[in-house]
Amino acid sequence: MTEMNCLITPTGAIPCHLLDMDGVLVRGMEPIEKSADYVKLLSKNKVPFLVFSNNSRFTPKMLASRIRRLGFELDDTQVYTSAVTTADFIYSQNPDATCFPIGEAGLIEALQEKGLRFNEVDPDYVVVGESVDHSFAELTRGVQMVLKGARFVGTNPDMTIPAEGGIIPACGSACAMIEVATGTAAYFVGKPNSFMMRAALAQLDRHPSETIMVGDRIDTDVRAGMELGLKTVLVLTGASSKSSLQQYPYSPDLVVPK
């Protein structure tokens, strides 16, 4: 990823980085070649960065521990997930809201840390996140709750995630089942929603003009960065290919090949 050195700021400084995780740093439980070296280079040069993930399965602490074992130098505070920003969003709308979460530890703990209560009968929100084992029974209950008036939120719109063995279904795919059954569209808080990116920039205390977004998806990473005024980098080690660039009316500032 050394090609990204061309995206320096007008003052000559290396810009703050938002680094997507899946498809940029890792593929499942395997590090992508040279990605750990790049993160080490950022740390060495004291460049502010966040590992910025739409994946809501894990808590920031769990993700940080996981990728440290793969050779990445970072701490828990340098990981920011769609689960955290989803909890922030719901709390900002109604700090007394009740939720019916459908997901794993990352989502459950993020909601609990904001003090949001769970309700399995008549919640204010049905909240769907990532899972490798979505329960059909829980999705069915989610359908029934949305039909009764619960608001419908998804942590992120990604339909798939790159893994060691290939592409697997993601949060957007699970939400599609509820959307089709209820006729109600989910509100997705993660990328490309600018809510998540603005919250990450606030955590870093940086302006969009001082930041680049590095991702593997044109439809979320590049779009979110472009719409908020960041420089954008697309790496071809994850969900997008060079040929897919032609499908969108916008383009990244830089494409980094495999």
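Since the model is a prediction, treat every value here as computed from it, not as a measurement.

Trainee: Even after reading the chapter, I still don't get the overall build of the protein chain, so can you show me in this structure?
Mentor: Of regular secondary structure, the protein chain possesses 8 helices and 15 strands. By the compact-globule yardstick of 18 Å for 258 residues, the protein chain fits well, its C-alpha radius of gyration being 18 Å. If you line up the protein chain on its principal axes, its C-alpha atoms span 55 × 35 × 35 Å. In the protein chain, which comprises 258 residues, the proportion classed as buried is 52%. Restricting to contacts in the protein chain with at least 6 residues of sequence separation, those with at least 24 account for 67%. If you sum the accessible surface of the protein chain, you get close to 11,700 Å²; carbon and sulfur atoms cover 51% of it. Averaged over its 23 positive side-chain charges, the protein chain has a centre that lies 3 Å from the centre of its 30 negative ones.

Trainee: Mind showing me how you'd approach the packing of helix H5 (residues 136-147) against helix H6 (residues 171-182) here?
Mentor: Relative to each other, H5 and H6 sit at 40 degrees, their axes nearing to 9 Å. In terms of orientation, H5 lies oblique with respect to H6. Seen from above, H5 lies across H6 with right-handed handedness. Mapping the contact onto sequence places Phe136, Leu139, Gly142, Val143, Val146 and Leu147 in H5 and Ala174, Met177, Ile178, Ala181 and Thr182 in H6. Class assignment for the residues of the contact of H5 with H6 results in 9 nonpolar, 2 polar and no charged.

Trainee: Could you clarify how one ought to interpret helix H3 (residues 82-93) in this entry?
Mentor: Because an α-helix packs 3.6 residues into every turn, residues spaced three or four apart end up facing the same way. With 12 residues, H3 ought to run about 16 Å at 1.5 Å a step, and its terminal C-alpha atoms sit 16 Å apart, in line with that. What H3 keeps buried is the set Ser82, Ala83, Thr85, Thr86, Ala87, Phe89 and Ile90.

Trainee: Even after reading the chapter, I still don't get the sheet that holds strand S9 (residues 151-154), so can you show me in this structure?
Mentor: Hydrogen bonding along the main chain pairs the strands of a sheet, whether they run parallel or antiparallel. Pairing is parallel in the open sheet, where 5 strands are placed in the order S7-S6-S8-S9-S12. With one partner strand each, in any of the chains shown, strand S7 (117-118) and strand S12 (187-188) form the two edges of the open sheet. Those strands touched by helix H4 (residues 105-113) are strand S6 (98-102), S7 and strand S8 (125-128), and its axis lies near 165 degrees from that of S6. Along the sheet face, H6 touches S6, S8, S9 and S12 and points at about 160 degrees away from the line of S9.

Trainee: Would you explain the sheet that holds strand S13 (residues 211-215) in this entry?
Mentor: Within the open sheet, the 6 strands sit side by side as S5-S4-S1-S13-S14-S15. Their pairing is parallel. The sheet is open, and its two borders are formed by strand S5 (79-81) and strand S15 (254-256), each paired with just one other strand. Across the sheet, the mean angle from the axis of one strand to that of its neighbour is 25 degrees, orientation sign disregarded. As judged from the 4 bridges shared by S13 and strand S14 (residues 231-235), these two strands associate in the parallel manner. Looking at S14, one finds that Ile212 is bridged to Lys231.

Trainee: Teacher, can you tell me more about the nonpolar core here?
Mentor: Here is a general trend for soluble globular proteins: nonpolar side chains tend to be buried in one another's company. The biggest cluster of nonpolar side chains holds 26 residues, and the ones touching the most others in it are Val51 and Phe72. Elements represented by at least two residues in this core include exactly helix H1 (35-44), strand S4 (49-53), helix H2 (60-68), S13, S14 and S15. Among the elements that make up this core, the one with the highest residue count is H1 (4 residues). Grouped together as the second largest cluster of nonpolar side chains are 15 residues, Phe100, Val143, Val146 and Phe152 included.

Trainee: Got a minute to help me understand the pattern of salt bridges in this structure?
Mentor: A side chain of one charge can pair with a side chain of the opposite charge if their charged atoms are brought near each other. Enumeration over the complete set of coordinates arrives at 9 salt bridges. With its nearest N and O atoms 3.4 Å apart, the salt bridge here joins Arg68 to Asp76. Between Glu120 and Arg141 there is a salt bridge, with the nearest N and O atoms lying 3.8 Å from each other. Of the two residues, Glu120 sits in the loop between S7 and S8 while Arg141 sits in helix H5, which places them 21 residues apart along the sequence. Taken together, the salt bridges that share partners define one network made up of Asp20, Lys191 and Asp221.

Parameters and conventions
- Residues numbered from 1 in each chain as written.
- Predicted model: local features only at pLDDT ≥ 70, side-chain atom pairs only at ≥ 80, totals over all residues.
- Heavy atoms only, no water.
- Helix = DSSP H or I, 4+ residues; strand = E, 2+ residues; numbered from the N terminus.
- Rg over C-alpha atoms; globule rule 2.2 N^0.38 Å.
- Buried < 20%, exposed > 50% of the residue type's maximum accessible area, 1.4 Å probe, protein only.
- Contact = heavy atoms within 4.5 Å.
- Areas by Shrake-Rupley, 256 points an atom, 1.4 Å probe, with all protein chains shown as cover.
- Lys, Arg positive; Asp, Glu negative; His and termini not counted.
- Charge placed at Lys NZ, Arg CZ, Asp CG, Glu CD.
- Axes fitted to C-alpha atoms, helices over the stretch in contact; angles between N-to-C directions.
- Parallel < 35°, antiparallel > 145°, perpendicular 65-115°, else oblique.
- Left-handed = near helix turned anticlockwise from the far one by under 90°.
- Nonpolar A, V, L, I, M, F, W, Y, C, P; charged D, E, K, R; others polar.
- Expected span 1.5 Å × (residues − 1).
- Pairing = 2+ DSSP bridges.
- Core = buried A, V, L, I, M, F, W, Y, C linked by side-chain atoms within 4.5 Å.
- Salt bridge = Lys/Arg side-chain N within 4 Å of Asp/Glu carboxyl O.

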